[in-house]
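Spelled out from the first residue to the last, the chains are:
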Amino acid sequence: LLLSGCAQSKTLKVGVENDFRPFTYMESGEHKGFEVELWEAIAQKGGLRYELVPMETQEISPALKSGKIDLAIAGMTVNKARKDELAFSDPYFQTGLVMLTTADNETIRSKDDLQGKTVATKLDSTSYVYAGSLPGLKEAKGYPDIDQAYADLLAKKADCVIFDERNIHDFMQHAGNGRVKLVGEVLNKESYAVAAKKRNRYLGSVNSAIEQVSRNGTYESLYMKWFGS
Ligand code: ARG
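Source: prediction; values computed, not measured.

Colleague: Please clarify how the packing of helix α1 (residues 34-46) against helix α7 (residues 203-215) should be interpreted in this entry.
Modeller: Helix-helix packing: each pair is described by the crossing angle between the helix axes and the interaxial distance. It is at 8 Å that the axes of α1 and α7 come closest, and there the two elements cross at 110 degrees. When the axis of α1 is compared with that of α7, the two are roughly perpendicular. Judged by the twist between their axes, the crossing of α1 over α7 is right-handed. Across the interface between the two elements, A41, I42, K45 and G46 from α1 touch S205, V206, A209, I210, Q212 and V213 from α7. Each residue belonging to the contact of α1 with α7 can be placed in one class, and the counts come to 6 nonpolar, 3 polar and 1 charged.

As structure tokens, then:
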């Protein structure tokens, strides 16, 4: 019998990302970010032993299904297509997709101005699917690493980046500072949740831990630390 609060015998493999700032990324060889710290708090409450496994977006779903990893906390948006294939925890973050262009761009003001344009984003992301559905787009370029999409925008090899708004805000505050601007409205409202394969045995503890860290103030202090200013 596994009592709640007791460490399970197995060390869970938890998929994270290298480049999804400020949620999950690597810096000086260390895992950092809001999700890395939120996961630490969840695992502690749930009595879950774990190790983090960095991977690219497009590797996560196959790795969950094959059992290479047990869970993933990597800005994974819950949607219908993914729910057909995977199981998700309760959502822990509300967000959306936004459009970024260069500071000097006068032609793109909304998604309707994207006809004949090139959009760069992350491969297999919800933004990649969204961009692919826009009518008249010249090209939707998908990269394993979102920084390549930002580099394309700055080099004018793409007219626009569509991606998760908090990651775009982070880019605007750092490497993109002064060189890019947000345009248009939030394109698609999304929420993030912890992913697992169907019929897993972990999401029950994960959900109750999410509820506890939300009630005891841990979530709020992490939110303030990473998004507060
Ligand atoms: N939220 C977007 C999505 O789920 C992008 C997230 C990037 N990272 C990831 N592991 N999916 O497609």
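Following the structure, the description resumes.
Colleague: Honestly, helix α6 (residues 165-173) in this entry has me stumped. Any pointers?
Modeller: Every α-helix carries 3.6 residues per turn, so stepping three or four residues along brings you back to the same face. Within the span of α6, buried status applies to R166, N167, I168, D170 and F171. Looking at the packing, one finds that the buried side of α6 touches β2 (19-20), β8 (93-102), α5 (146-154) and β11 (160-164).

Colleague: What is the right way to look at the site of the ligand in this model?
Modeller: Lining the immediate environment of the ligand, one finds E17, F20, T57, I60, A74, G75, M76, T77, K122, S125, T126 and D164. When the residues that make up the shell around the ligand are grouped by side-chain class, the tally is 4 nonpolar, 5 polar and 3 charged.

Colleague: Hey, could you run me through the domain arrangement of the chain in this one?
Modeller: Size of an interface: often given as the accessible area lost when the parts come together. On domain assignment, one finds that the chain holds domain 1 (12-92 + 193-227) and domain 2 (96-189). For domain 1 versus domain 2, the distance between C-alpha centres works out to 25 Å. Broken down by secondary-structure element, the contributors of at least two residues to the side of domain 1 that touches domain 2 are β2 and α2 (57-66). Looking at the side of domain 1 that touches domain 2 residue by residue, the classes come out as 2 nonpolar, 5 polar and 3 charged.

Colleague: Any chance you could explain unusual backbone geometry here in plain terms?
Modeller: If a residue is not glycine, its phi is most likely negative; likewise, a peptide bond is most likely trans. Residue P22 is bonded to the preceding R21 through a cis peptide linkage, with omega at -5 degrees. Among the structural elements, P22 can be located in the loop between β2 and β3 (24-27). Even without being a glycine, D124 presents a positive backbone phi close to 65 degrees. Looking at the secondary structure, you find D124 in the loop between β9 (118-122) and α4 (126-132). Owing to 16 C-beta atoms within 10 Å, D124 belongs among the partly exposed residues under this scheme. One non-glycine residue with positive phi stands out, namely K156, at about 60 degrees. If you trace the backbone, K156 turns up in the loop between α5 and β11.

Colleague: Help me understand the nonpolar core in this model?
Modeller: One recurring pattern in soluble globular proteins: nonpolar side chains tend to sit buried together. Residues V14, I42, L71, A72, I73, V194 and A195 are the most contacted members of the largest nonpolar core, which totals 35 residues. For this core, the secondary structure elements donating two or more residues are β1 (12-16), α1, α2, β6 (71-72), β7 (86-88), β13 (195-197) and α7. If one sorts the elements of this core by residue count, α1 sits on top with 6 residues. In contact with V194, not counting residues within four places along its chain, are L71, A72, I73, F88, S89 and V206. The next biggest cluster of nonpolar side chains, apart from the first, holds 23 residues, and it includes L97, V119, F163 and I168.

Colleague: Sorry if this is basic, but what is going on with the sheet that holds strand β4 (residues 30-32) here?
Modeller: Backbone hydrogen bonds are what pair the strands of a sheet, in a parallel or an antiparallel way. Spatial ordering of the open sheet is given by β2-β3-β4, a layout of 3 strands whose pairing is antiparallel. Here the strands that pair on one side only, and so sit at the sheet edges, are β2 and β4. Summarising the sheet, β2 and β3 pair through 2 bridges and their orientation is antiparallel. Paired with D19 across the two strands is Y25, which belongs to β3.

Colleague: Looking at this structure, how should I read the confidence of the model for the chain?
Modeller: In low-pLDDT regions, the fine details of the predicted coordinates are not to be read closely. Residues with a pLDDT of 70 or more make up 96% of the chain, whose mean pLDDT is 94. Prediction confidence for the complex, expressed as pTM and ipTM, is 0.93 and 0.94 respectively.

Colleague: Is there a simple way to think about the environment of K45 in this case?
Modeller: Structurally, the position occupied by K45 is in helix α1. When near neighbours in sequence (up to four residues on either side) are disregarded, K45 contacts A209, Q212 and V213.

How each quantity is defined
Residues numbered from 1 in each chain as written. Predicted model: local features only at pLDDT ≥ 70, side-chain atom pairs only at ≥ 80, totals over all residues. Axes fitted to C-alpha atoms, helices over the stretch in contact; angles between N-to-C directions. Helix = DSSP H or I, 4+ residues; strand = E, 2+ residues; numbered from the N terminus. Parallel < 35°, antiparallel > 145°, perpendicular 65-115°, else oblique. Left-handed = near helix turned anticlockwise from the far one by under 90°. Contact = placed C-beta atoms within 7 Å. Nonpolar A, V, L, I, M, F, W, Y, C, P; charged D, E, K, R; others polar. Buried ≥ 20, exposed ≤ 12 C-beta atoms within 10 Å, placed from the backbone. Near = placed C-beta within 6 Å. Domains from an automatic or database assignment. Core = buried A, V, L, I, M, F, W, Y, C linked by C-beta atoms within 7 Å. Pairing = 2+ DSSP bridges. pLDDT = per-residue confidence, 0-100.

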